[in-house]
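Below are the chains, spelled out letter by letter.
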Amino acid sequence: MTLRRSTAVLAAAAALALTACGGGGEEPAASPGEGTIVVGITADPTQMLPWTVTSKQAIQVLSQVYSTLLDTGESSEPVAGLADLPEVSDDGLTYTFTLSEGVTFTDGSTLDSEDVKYTFDTIMDPDSKASSASYFGSVKSVEAPDPRTVVVTLEHPDASFPSGLTGVNTGIVPSDADPATLEKTPLGSGPYAWEKRTPNQSITLARNDSYFKGTPGAAHLEFRVIPDEQSMVSALRTGSVNLTVFDNPVTAKTAGTGSVTSTPVDSLSYHVLQLRAASPVLSDVNSRLAIQCAVSRQDVVDSAALGAGEVTGPVTSPEYRSDPAAQPCPEQDLDRAREYLAKAGTPDGFTLKLMTSQGLYSTAVDEAQAIQAQLGKVGIDVQLESLDSGDYVDRWLAGDFEAAIALNGGSSDPNTMYARYFTSDGSFNTVAGYSSKSLDTLFAQGIATTDTDERAEVYSEISAELVDNAVWVWLFTPKLFVVHTSSMSGLEARTDGSYSELWKASLG
Amino acid sequence: MGRLRAVLGHTAVRRLGEALVTLVGVSLLTFVVLRVVPGDQITASYGIAAGELSPEQIASLREYYGIDQPWPVQYLGWLGGVVTGNLGVSTTSGLSVAALTAQALPNTVELAVLAILVGLALGVPGGMLAASRPGAARDGGTQVASLLSLSVPSFLLATAVATFLANQLGWYPNGEGYRTLAEDPWLNLQQMVLPAAVLGISIASPVLQTTRTAILGVRAEDFVRTAQAKGVPPGRLQVRHVLRNALIPVVTMTGLQFGFLLSGALVAEQIFAIPGIGRQTLLGLQQKEYAVVQSTVLVIAAMFVLVNLLTDVLYRVVDPRVRLR
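Here the structure is a predicted model, which is why all the values come from computation and not from measurement.

(A) Examining a negative patch on the surface more closely. Taken together, A:Asp453, A:Glu454, A:Glu457 and A:Glu461 make up a surface patch of like negative charges. A:Asp453 gets classed as exposed once you look at its relative accessible area, which sits at 61%.

Dropping the structure here:
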């Protein structure tokens, strides 16, 4: 079989060579020191098996304990991790990974292809309730022909497959470990090894001296639970906590003075006004376009998020990003909104129920209120339903709403972001409330090739259909704030506040 | 004598019966409310990712979390466990609820005791001061102070005080990671100072009001005038005759407050990162861990009942008349 490296892989490799600081390098941290870096988290991590993690805290902790087959570079693109970037066969069906040599788990045992095969097979087993199972939807088989080679065969070409292997919920576990034991004592090949946990209080990790990328910068990492954000600020001020990530711009602002530094970072996630075209009141495209034209996205950013965000189009993946201005109404245009309302046969506006939640994230209700005021200007009477987070998630999953304020996760791959919403058999298509034959065709084209330019063209067509039909109104990507004390050095703040480079940081 | 014992025995049995009915009622109510509220442990732990689980995965999760059974089966299963001393397991931490409670309860009890001490230390002398000259400036002053302490929400006071101390003095022991009294008494007490003070201040007000009213009431009684006429010195009169008799409603009030504190001073525990029983309940609620919430609430209710019984016993110590009844 002829193998070739895909253009995507080449581009990523070039980016890696240029920045020279992605994964896979052998360079040691600036100054491997002593001491304990204390990382503040607001809730105790709830899942400890890598393939089940969904909570932010669990991802932060486990990303220090486990390594993944691939890592992400500075623009969130897949780069080498435990393995080099894969060689992809011409038909796009066979991915061959070569593992780095001499990688060990923190108990000293060797990490080989059998461990990778075991991990991936476990994820694909319905009994393991893996949240990462959807990444393996197109996988037919995983083979381990020799200790350093893993061969993944797909049912059909799926260019989004490698990006799924960068998440900690595909972190590699030892094939001989019992999941019940792993749940209590995680064991991986990451920069730090599991040491102990006090429920609801703290998790302590110890430096893995044989980490395959270099020597981690601190002797210990402690993840300490401080539930109240203001209390976290006080702890940072007094230096008892060294590092945390805030999503609330107000909190970040109060924290980031004096000896405490707050660094804003981009996020791939996006705030959006989800419209359900399937609901009667929004079935006419003109009604939805009227909403798009009446909304001022910049005003929403300024009023609800204190300006901490950037107006966005549908795709936030850095390599495929949509042009935020490429939509029928890039700015608020009340006259056009009224024209669309007249075309829809409701010149005086209509009543719209908008669902939001108080418990999910800090800006939700403020965004809903800003939009309520804006739509009110053209006679669209927005009735706010402010729900408890459990109620919101239930109704969101059931597609039981007309419009919803949401903060949805992004991905470095646009197919991972949107195929689940906008293909007619996607798992969230009921939630999205919109599908079309042309979108189905486009999404299929988008994963049939690994050529980045070809793919980018497909996703800009998808993006165009989504905004031209005002399927949803995409608002903005938020800023997150990596906040740390001046005693820390070598910290590299990454997109989404990821702690993937935390191992390079040390104290003093 | 035999008759007295029979009456006492009868009372004890009745009290015990009442306590049991209360506990069963509380547990039923908790059970039903938990299940009526939207969302379950699957959506709580997976969030919107729950929408990407296959039907087989969901079925498997429902079985794992024990929510695939009909309600009566779930309830009886849980109750059966409780009766045999098994309070259930927290699936998120992998620990038994009994073990979690054994860690959390002492912290809550410690905080409650300290808060009550602060409340009494401020409230009783304050009430005595106010009652010493009703209507005078000192009375008005203490009334205003007590009204203020009651009106300022404790979470606001707590956050403001903590932020001020951290910014101005660089002192915030609660960021250090919690230490129990046994592990590190000095750090533990520092960590307890702020929450105990904040809670104590909010308790001081009702204690002060009760003390004041009771003292004024007792002082108007005939035996006080008699004692005065007999020439009992003023200090001895105030303490032995007035205060001692005025203490009964104060004990009742303190018992009630203590009961509430034991149900977890949720806000203070949350803000000051004290791993107590209130936070355990809150975490259980957030994660929709039914067994954790049901069992913890039951433990709290049992404590409440116990504290009320103890308060009754205290009456008998403070007031000989009750002992005779």
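(B) Fine view of the packing of aromatic side chains. All names here are of chain A. Across all of its chains, the model carries 23 aromatic pairs over all chains by this definition. Note on Tyr211 and Trp503: the rings are 5.3 Å apart at their centroids and 70° apart in plane angle, and the pair reads as edge-to-face. With a gap of 292 residues between them, Tyr211 in the loop between strand 10 (202–207) and strand 11 (220–225) and Trp503 in the loop between strand 20 (488–489) and strand 21 (506–507) connect regions that are remote in the sequence. In this structure, Tyr211 and Trp503 share a single accessibility class: buried. Between Tyr320 and Tyr459 the ring centres are 5.8 Å apart and the planes differ by 75°, which places this aromatic pair in the edge-to-face class. Remark: Tyr459 occurs in helix 16 (residues 452–468) and Tyr320 occurs in the loop between strand 15 (309–311) and helix 10 (334–343); sequence separation between them is 139 residues.

(C) Looking closely at the pattern of salt bridges. All names here are of chain A. Under the definition given, this model contains 21 salt bridges over all chains. For Asp266, the salt bridge is made with Lys479, and the minimal N-O distance between the two is 2.6 Å. Of this pair, Asp266 sits in strand 13 (residues 260–266) while Lys479 sits in strand 19 (residues 472–485); the two residues are 213 residues apart in sequence, bridging distant segments of the chain. Since its relative accessible area comes to 39%, Asp266 is described here as partly exposed. Connected through salt bridges with shared partners, the residues Glu492, Arg494, Glu501 and Lys504 form a single ionic network.

(D) Region of interest: a nonpolar patch on the surface. Residue and element names in this part refer to chain B. Together, Val144, Leu148, Val152, Phe155, Leu156, Leu266 and Val267 give the surface a local cluster of nonpolar side chains, amounting to about 590 Å² of exposed area. Here Val267 is to be found in helix 11 (residues 266–271). Residue class for Val267 comes out partly exposed when judged on its relative accessible area of 36%.

(E) Quick look at the UniProt feature "transmembrane region" (unreviewed entry) in chain B. Residue and element names in this part refer to chain B. In the UniProt entry, the feature "transmembrane region" (unreviewed entry) is given for residues 20–37, 111–132, 144–166, 186–208, 246–272 and 292–315. The span residues 20–37 shows a helical share of 94% and a strand share of 0%, and its end C-alpha atoms are spaced 26 Å apart. Across residues 111–132, helical content stands at 100% and strand content at 0%; the span's end C-alpha atoms are separated by 31 Å.

(F) Focus on helix 2 (residues 56–65) of chain A. Residue and element names in this part refer to chain A. Of all ten residues in helix 2, seven are buried, a share of seventy percent or more. Within helix 2, the full set of buried residues consists of Gln57, Ala58, Gln60, Val61, Leu62, Gln64 and Val65. The inward-facing, buried residues of helix 2 abut strand 2 (36–41), strand 9 (192–198), strand 10, strand 11 and strand 12 (243–246).

Definitions and limits used
Residues numbered from 1 in each chain as written. Chains lettered and ligands numbered in written order. Predicted model: local features only at pLDDT ≥ 70, side-chain atom pairs only at ≥ 80, totals over all residues. Heavy atoms only, no water. Patch = residues over 30% accessible without salt bridge, like charges linked within 9 Å, V, L, I, M, F, W, Y side chains within 5 Å. Areas by Shrake-Rupley, 256 points an atom, 1.4 Å probe, with all protein chains shown as cover. Salt bridge = Lys/Arg side-chain N within 4 Å of Asp/Glu carboxyl O. Lys, Arg positive; Asp, Glu negative; His and termini not counted. Charge placed at Lys NZ, Arg CZ, Asp CG, Glu CD. Buried < 20%, exposed > 50% of the residue type's maximum accessible area, 1.4 Å probe, protein only. Phe/Tyr/Trp six-rings, centres within 6.5 Å; stacked < 30°, edge-to-face > 60°. Helix = DSSP H or I, 4+ residues; strand = E, 2+ residues; numbered from the N terminus. UniProt positions renumbered as here; feature names shortened; annotations may be inferred. Contact = heavy atoms within 4.5 Å.

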